[in-house]
Amino acid sequence: MKEQPSSNNTASRVAADITIKGEIISPNDIRIDGNFEGKLTSNGRVIIGDTAKIVGDIICNDIDIWGAINGNIFVKDTFSLKEGGNLVGNIQTRRISIELGSKFNGNCQMISEEQFNALTGVPAEE
């Protein structure tokens, strides 16, 4: 079994047997192990577990992907595609890590925090 970070008290979780369609907005970390179709926005870290299947766009501070995503990802800081992870879509991020054994089919653009804020409509921190 692959080592994946466990959730803490401020993290929300979508379990493996759950399917959600729509929009999720989370002020904290969130972990998805189930199926999600729509738009996910998080002010924290997004963890996509190895059983997760996502169709849609993700906007977050950091992301770790062990599961499958078909969509575009906007990351304020660090994008990490783990062994076994699969992304079909485009990435815009400040930092990137792609492990051997993962799959990525799309384009990647390295952006600054200011570009992230402009792309996502996030106001600059004062």
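Everything below is about the structure printed above this text.
Residues numbered from 1 in each chain as written. Predicted model: local features only at pLDDT ≥ 70, side-chain atom pairs only at ≥ 80, totals over all residues. Heavy atoms only, no water.

Please clarify how a nonpolar patch on the surface should be interpreted in this entry.
The grouping of Ile96, Ile98 and Met110 at the surface amounts to a nonpolar patch, some 260 Å² of accessible area in total. Residue placement: Met110 occurs in strand β12 (residues 108–110). On the accessibility criterion, Met110 (45% relative accessible area) is partly exposed. (Patch = residues over 30% accessible without salt bridge, like charges linked within 9 Å, V, L, I, M, F, W, Y side chains within 5 Å. Areas by Shrake-Rupley, 256 points an atom, 1.4 Å probe, with all protein chains shown as cover. Salt bridge = Lys/Arg side-chain N within 4 Å of Asp/Glu carboxyl O. Helix = DSSP H or I, 4+ residues; strand = E, 2+ residues; numbered from the N terminus. Buried < 20%, exposed > 50% of the residue type's maximum accessible area, 1.4 Å probe, protein only.)

How should I be thinking about the environment of Leu119 in this particular structure?
Looking at the element boundaries, Leu119 is found in helix α1 (residues 113–120). Taking the C-alpha atoms as reference, Leu119 lies 9.3 Å from Gln92; in sequence the two are 27 residues apart.

What am I meant to see in the pairing of strand β10 (residues 91–98) here?
Put simply, side chains in a regular strand alternate between the two faces of the sheet. The pairing of strand β8 (residues 73–81) with β10 spans seven bridges and is classified as parallel. Each bridged residue has a counterpart across the sheet, and for Ile73 the counterpart in β10 is Ile91. Of the pairings in the sheet, the one linking β10 to β12 comprises three bridges and is parallel in character. What sits directly across from Thr93, in β12, is Met110. (Pairing = 2+ DSSP bridges.)

Help me understand the pattern of salt bridges in this model?
Within this structure, the stated rule accounts for seven salt bridges. Linking Arg95 and Asp77 is a salt bridge whose minimum nitrogen-to-oxygen distance equals 3.2 Å. In this pair, Arg95 is assigned in strand β10 and Asp77 in strand β8, connecting sequence segments 18 residues apart. Judged by its relative accessible area of 41%, Arg95 is partly exposed. Among the ionic contacts, a cluster of salt bridges with common partners joins Arg13, Arg31 and Asp33.

How should the nonpolar core be read in this particular structure?
Proteins that are soluble and globular tend to have nonpolar side chains buried together. Ile32, Ile48, Ile58, Ile63, Ile69, Ile73 and Phe79 are the most contacted members of the largest nonpolar core, which has 21 residues in total. Those elements giving two or more residues to this core turn out to be β3 (30–32), β4 (35–42), β5 (45–48), β6 (53–65) and β8. Ranked by residue count, the leading element in this core is β6, at five residues. The residues contacting Ile69, other than those within four sequence positions of it, are Ile48, Ile54, Gly56, Ile58, Ile63, Asn86, Leu87 and Val88. (Core = buried A, V, L, I, M, F, W, Y, C linked by side-chain atoms within 4.5 Å. Contact = heavy atoms within 4.5 Å.)

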